Amino acid sequence: MKILVIEDDREAAGFLKKAFAEVGHTADIASDGEVGFALADSGSYDVFVVDRMLPRRDGLSVIAELRARGNTTPALILSALGEVDDRVTGLRAGGDDYLTKPYAFSELLARVEVLKRRSGSKDVETVYRVGDLELDRLAHSVRRGGQEITLQPREFRLLEYLMRHAGQVVTRTMLLENVWDYHFDPQTNVIDVHISRLRGKIEKGFDKPLLHTVRGAGYVLRDE
Amino acid sequence: MAIPAIMKTTAARLSALYLLLFAICAVALVFYIEALSMRMLTEQTREAINEEVSGLAQAYQRGGLPGLVRVVRIRARQPGANLYIVADPTGRILSGNVDSLQPGVFDTRGWTERPFTYRRYGEDSDAEDRSNHTAMAQVIRLPNQMLLLVGRDLGEPEQFRTIMRRTLVAAIGLMGLGALLIWYFVGRRALKRIDSVSKASRQIMGGDLTQRLPVSGAGDEFDRLSENLNAMLDRIAALNEGLRQVSDNIAHDLRTPLTRLRNRAEAALASAEGTEDRNEALERTIAESDQLIGTFNAILMISRLEAGYSTEAVTKIDLSATVADVVELYEPLAEDQGVTLKTEQVDTVEVGGNRELVGQALSNIVDNAIKYTAGTGENPTVMVSLRQEGGAARLSVSDNGPGIPVEERERATERFVRLEASRSQPGSGLGLSLAKAVMSFHSGRLELSGNDGGLTVAMVFPTGDNV
């Protein structure tokens, strides 16, 4: 994956470049808004990672102008401001996701990978399949190996989200945001308990685990 | 030109300005009245002369020149008489009550162009005296080439003009005096008040933040200004205090986990053990720093909410939906910990607020309740209810855990305060403080209560008008 990082903090940008390289992604760095806009406008990237406060031109206006020019490459906004309103303005300007500094790289990576996948969207599919697990979005039914599994509405949404991003790491905050629509940081392991319940329902009685825990990052639904 | 120091005060400037303005108006008014009156007086004079002339003309028609001269003589002798002259064609005075007049008057025919000077018959022959009298007149050439002049003294209008001038001077003088008085009484008093305010503010700027501006109790605009400024100072002092507390708390409570973090990293670096151990140490380091970040964010958020300059959006939110969300979110965790989490009575209540903030505050309270109730008593239970009571919505979370002693309840919502009994529990100690800050953002309050064991934390939202 080719990522454009528009970030004025050299150290942070350098760290991102290296960290992305370690997981097999290429990251180009632009250290101010103008350069970032020029690169984003000309090059072909899979995802933009844009800091909000940049020299010469702020991140939101870069994204807004790219969108106005018809560039639909997903963009993740990085910001030191963490209020809900900032998130709203960021997303309204054309950003696709929002992450507050300081953040964990695993969180950023998970979000960037999910954003990339979004372009080849699974939204049109009505049935998701991972191994022998099958989720029918229209019929609201889940089966594994032909066996019907009964889920609570929230469990269904949780599984739906995991299956839509099958093979990708999703973090706890991503789950809270997308399944519960809350953006705060839960103090305790509430999400973990929901996951283990879901795991119990979809894995009990089957040999093969599907829902895996990724240490220090989150969860991934994968048929290994 | 240097402006005198006294002119630098607003009061003096205003007084001077008013004085100037009124003076201009008075002058204009006086001149207007004068011009109007003069015109009227002149008109009257002309009419009187016209009447005389027509009377004399009749006398001339009836008795010829001798008849005219006779009438003139009679009239001229009356007290305060008009001016009458019968002269030969060269202008030599034959009869009348005028001894001499300004040369050239007889050159005109009809009305004299401008007032002229004259001397009455029998008056002192001193030439200078002539200038004391001015008059206007009509000169008529009789059919036999003789000249008749009928005129009227202008003393009256002149006198009037003098009176007007004097009035004007007196009026301007009085206004000057008035302006001085206004400046003295209003200006000086205002100045004194303002001076005391600036003196107090200088002391405050000098670092004495406890100083307040004087309020005289008169309830005037100076008092209102002082009261507002004092309220502002209180706010600043509160913010300042908040800031100081935050930095104190950061210093105190982040130092410990930061030290622990550092030690752990150091130990991992120094350890001769295998990669497995090192990885585990690193993971714990990451987990610890995540928690630090969380704590840090919470501190910032609390400060922002308490300072009241948060820009968080406010919309209509359905509290019952938030209750359902949070209970659903925490229910598995509660069950895991052997705690029964349930809702008791949930009224449908809509309030103006921020869904995220309310959700987070309620999560913190429920989280705390589960944490402190778990493993206590026979049947640990956390009950959430939402009731509309009069002008308020009461969202309460009650548990049957150990509770908080009455005397410690106030302190429980302070930042970082973790009551002795809870030291062993994980958490940043910011949960209730954040909830309290969220409630103050919503113009509501957080109430802690509870008797015979257990604790009830209630988020009280104002609803409707009767708050």
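In short, a report on the structure. (Residues numbered from 1 in each chain as written. Chains lettered and ligands numbered in written order. Predicted model: local features only at pLDDT ≥ 70, side-chain atom pairs only at ≥ 80, totals over all residues. Heavy atoms only, no water.)

**Side note on the overall build of chain B**
- Summing up its helical and strand segments, chain B has 8 helices and 14 strands in all.
- Scored against the burial criterion, the 467 residues of chain B give a buried share of 38%.
- At a minimum sequence separation of 6, the contacts of chain B that also span at least 24 residues come to 62%.
- Here chain B displays about 26800 Å² of accessible surface, and carbon together with sulfur accounts for 56% of that area. (Helix = DSSP H or I, 4+ residues; strand = E, 2+ residues; numbered from the N terminus. Buried < 20%, exposed > 50% of the residue type's maximum accessible area, 1.4 Å probe, protein only. Contact = heavy atoms within 4.5 Å. Areas by Shrake-Rupley, 256 points an atom, 1.4 Å probe, with all protein chains shown as cover.)

**Quick notes on the environment of Ser198(B)**
- Relative to the assigned elements, Ser198(B) resides in helix α2 (residues 155-205).
- Remark: the alpha-carbon pair of Ser198(B) and Leu213(B), spanning 15 residues in sequence, is separated by 8.6 Å.

**Focus: the sheet that holds strand β8 (residues 141-144) of chain A**
Residues and elements named next belong to chain A.
- If you trace the 4 strands from one edge of the open sheet to the other, you get β6-β7-β8-β9, paired in antiparallel fashion. Two strands bound the open sheet, and with one partner strand each, they are β6 (127-130) and β9 (147-149). On average, adjacent strands in this sheet sit at an angle of 25° to one another, irrespective of strand direction.
- Where β6 and strand β7 (residues 133-136) come together, 4 bridges link them in antiparallel fashion. The residue bridging Val130 from the neighbouring strand is Leu133, located in β7.
- With respect to the sheet, helix α6 (residues 153-164) is in contact with β6, β7 and β8, its orientation differing from that of β7 by roughly 115°. (Pairing = 2+ DSSP bridges. Axes fitted to C-alpha atoms, helices over the stretch in contact; angles between N-to-C directions.)

**Some points on the side chain of Thr45(B)**
- Here Thr45(B) lies in helix α1 (residues 10-77).
- Setting aside anything within four residues of it in sequence, one finds Thr45(B) in contact with Met136(B) and Arg152(B).

**Comments concerning the sheet that holds strand β1 (residues 2-6) of chain A**
Residue and element names in this part refer to chain A.
- Across the sheet, 5 strands lie side by side as β2-β1-β3-β4-β5; this open sheet has parallel pairing. Strand pairing shows two members of the sheet lacking a second neighbour, β2 (26-30) and β5 (97-100), which therefore form its edges. Strand-to-strand twist of the sheet, defined as the mean angle between neighbouring strand axes without regard to direction, takes the value 20°.
- Bridge analysis of β1 against strand β3 (residues 47-51) gives 4 bridges, and the strand direction is parallel. Residue pairing in the sheet places Ile6 in a bridge with Val50 of β3.

**Notes on the interface of chain B and chain A**
- Contact with chain B, which involves 31 residues of that partner, is made by 23 residues of chain A.
- Here chain B meets chain A over a buried area of about 2600 Å², counting both sides, of which 48% is carbon and sulfur.
- The three residues of chain B that bury the most area against chain A are Glu328(B), Leu329(B) and Glu356(B), which together make up 23% of that side's buried surface.
- In this structure, the connection of chain B to chain A is made through 5 salt bridges.
- Between the two partners, chain B and chain A, sit 10 residue pairs in polar contact (both at pLDDT 80 or more).
- For the side of chain B that touches chain A, the element with the highest residue contribution is helix α5 (residues 319-336) of chain B, accounting for 10 residues. (Buried area = accessible area lost by both parts, 1.4 Å probe. Salt bridge = Lys/Arg side-chain N within 4 Å of Asp/Glu carboxyl O. Polar contact = N/O pair within 3.5 Å; in protein donor to acceptor, adjacent residues only side chain to side chain.)

**Quick look at the pattern of salt bridges**
Residues and elements named next belong to chain A.
- Within the structure shown, the criterion is met by 33 salt bridges over all chains.
- The salt bridge involving Glu177 is made with Arg111; its shortest N-O contact spans 3.0 Å. Here the residue Glu177 occupies a position in helix α7 (residues 172-180), and Arg111 occupies one in helix α5 (residues 105-119), the gap between them amounting to 66 residues.
- Classification of Arg111 by relative accessible area gives buried; the value is 2%.
- Look at the salt bridges and you will find they share partners, linking Glu34, Asp41, Arg57, Glu65 and Arg69 into a network.

**Some details on the nonpolar core**
- Counting residues in each nonpolar core, the largest one holds 82 residues, and the members touching the most others are Leu159(A), Leu175(A), Leu319(B) and Met459(B).
- The residues touching Met459(B), leaving out its near neighbours within four places in the chain, are Val358(B), Ala361(B), Leu362(B), Ile365(B), Ala393(B), Arg394(B), Leu395(B), Met439(B), Arg445(B) and Leu446(B). (Core = buried A, V, L, I, M, F, W, Y, C linked by side-chain atoms within 4.5 Å.)

**Notes on the pairing of β7(A)**
Residues and elements named next belong to chain A.
- Only one face of β7 is covered, namely the face carrying Leu133 and Leu135; the face carrying Glu134 and Asp136 is uncovered.
- The antiparallel hairpin formed by β6 and β7 contains 2 residues in its connecting segment, where Gly131 sits at a positive phi of about 60°.
- As judged from the 4 bridges shared by β7 and β8, these two strands associate in the antiparallel manner. In the sheet register, Leu133 faces β8, and the bridge partner there is Arg144.
- Linking β7 back to β8 in an antiparallel pair, the connection comprises 4 residues, with His140 at a positive phi of about 55°.

**Quick notes on the packing of helix α2 (residues 33-42) of chain A against helix α3 (residues 59-68) of chain A**
All names here are of chain A.
- At their nearest, the axes of α2 and α3 sit 10 Å apart, and the two run at 25° to each other. By the angle class used here, α2 and α3 are roughly parallel. When the axes of α2 and α3 are compared, the crossing they make is right-handed. Each of Gly33, Phe37, Ala40 and Asp41 in α2 lies in contact with α3, whose residues at this interface are Val62, Glu65 and Leu66. (Parallel < 35°, antiparallel > 145°, perpendicular 65-115°, else oblique. Left-handed = near helix turned anticlockwise from the far one by under 90°.)

**Some remarks on unusual backbone geometry**
Residue and element names in this part refer to chain A.
- One non-glycine residue with positive phi stands out, namely Arg56, at about 70°.
- Its place among the elements puts Arg56 in the loop between β3 and α3.
- Among the residues examined, Arg56 registers a relative accessible area of 63% and is labelled exposed.
- Residue His140 is not a glycine yet carries a positive backbone phi of 55°.

**Quick notes on α3(A)**
All names here are of chain A.
- For α3, the full list of buried residues reads Gly59, Leu60, Val62, Ile63 and Leu66. Each buried residue of α3 lies within a common arc of 160° when the element is viewed along its axis, so the set occupies one face.
- The backbone nitrogen of Leu60 has a side-chain oxygen 3.2 Å away, supplied by the residue at the start of α3, namely Asp58.
- The positive-phi residue at the C-terminal boundary of α3 is Gly70, with phi of around 90°. (Arc of directions from axis to C-beta.)

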